[in-house]
Amino acid sequence: MELKKMREMTETELTTELKKMKNELFNLRFQHVTGQLENPIKLRETKKQIARVKTIIREKELAKVQG
């Protein structure tokens, strides 16, 4: 998902997306442990996406407080 699209989303949409990504990360970790993961780079990409969503959520919270 593009950063621009993420910034346009509401906090509830971002929270829903975060839950989806965390679930996907869990599934990827499970596949990695069982040896079924074909692309281990997907783990790193998913972690980065989670961090991006969390950052945007935090930015929106700070924007609310400031203005």
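Residues numbered from 1 in each chain as written. Predicted model: local features only at pLDDT ≥ 70, side-chain atom pairs only at ≥ 80, totals over all residues. Heavy atoms only, no water.

Asks: Hey, could you go over the pattern of salt bridges for me, with residue numbers and the actual values?
Replies: Oppositely charged side chains are able to pair whenever their charged atoms sit close together. For the coordinates displayed, the defined rule picks out four salt bridges. Among the salt bridges present, the one from Glu59 reaches Arg7, with a minimum N-O distance of 2.4 Å. Of this pair, Glu59 sits in helix α3 (residues 41-66) while Arg7 sits in helix α1 (residues 3-8); the two residues are 52 residues apart in sequence, bridging distant segments of the chain. Taking relative accessible area as the criterion, Glu59 reaches 37% and is therefore assigned partly exposed. Among the salt bridges present, the one from Arg58 reaches Glu61, with a minimum N-O distance of 3.4 Å. Residue Arg58 and its partner Glu61 are both found in helix α3; the two are separated by three residues, about one turn of the helix. (Salt bridge = Lys/Arg side-chain N within 4 Å of Asp/Glu carboxyl O. Helix = DSSP H or I, 4+ residues; strand = E, 2+ residues; numbered from the N terminus. Buried < 20%, exposed > 50% of the residue type's maximum accessible area, 1.4 Å probe, protein only.)

Asks: For the environment of Glu24, give the residues involved together with the corresponding values.
Replies: Of note, Glu24 is situated in helix α2 (residues 11-34). Take Glu24: its relative accessible area is 31%, and that puts it in the partly exposed class. With 18 residues separating them in the primary sequence, Glu24 and Lys42 have C-alpha atoms 10.0 Å apart.

Asks: Before we move on, could you go through the confidence of the model for the chain and cite the residues and values that matter?
Replies: With 100% of its residues at a pLDDT of 70 or more, the chain has an overall mean of 94. Model confidence for the chain, summarised as mean pLDDT per element, is weakest for α1 at 91 and strongest for α2 at 96. (pLDDT = per-residue confidence, 0-100.)

Asks: Break down α2 for me, with residues and values.
Replies: The first and last C-alpha atoms of α2 sit 35 Å apart over 24 residues, in line with the 34 Å expected at 1.5 Å per residue. Listed as buried for α2 are Leu14, Glu17, Leu18, Met21, Leu25 and Leu28. In this structure, the buried residues of α2 make contact with α1 and α3. Directly after α2, the chain includes Gly35, whose backbone phi takes a positive value near 80 degrees. (Expected span 1.5 Å × (residues − 1). Contact = heavy atoms within 4.5 Å.)

Asks: Quick rundown of the environment of Leu3? Include the residues and the values.
Replies: Looking at the secondary structure, you find Leu3 in helix α1. Sequence separation between Leu3 and Ile56 is 53 residues, and the spatial gap between their C-alpha atoms is 9.0 Å.

Asks: Can you lay out the packing of α2 against α3 for me, pointing to particular residues and giving the numbers?
Replies: Think of two packed helices as two axes; the pair is described by the angle between the axes and how far apart they sit. Closest axis-to-axis distance for the α2/α3 pair is 9 Å, and the angle between their directions is 160 degrees. When the axis of α2 is compared with that of α3, the two are roughly antiparallel. Pair α2 / α3 crosses with left-handed handedness. Tallied by class, residues from the contact of α2 with α3 come to 10 nonpolar, four polar and 10 charged. (Axes fitted to C-alpha atoms, helices over the stretch in contact; angles between N-to-C directions. Parallel < 35°, antiparallel > 145°, perpendicular 65-115°, else oblique. Left-handed = near helix turned anticlockwise from the far one by under 90°. Nonpolar A, V, L, I, M, F, W, Y, C, P; charged D, E, K, R; others polar.)

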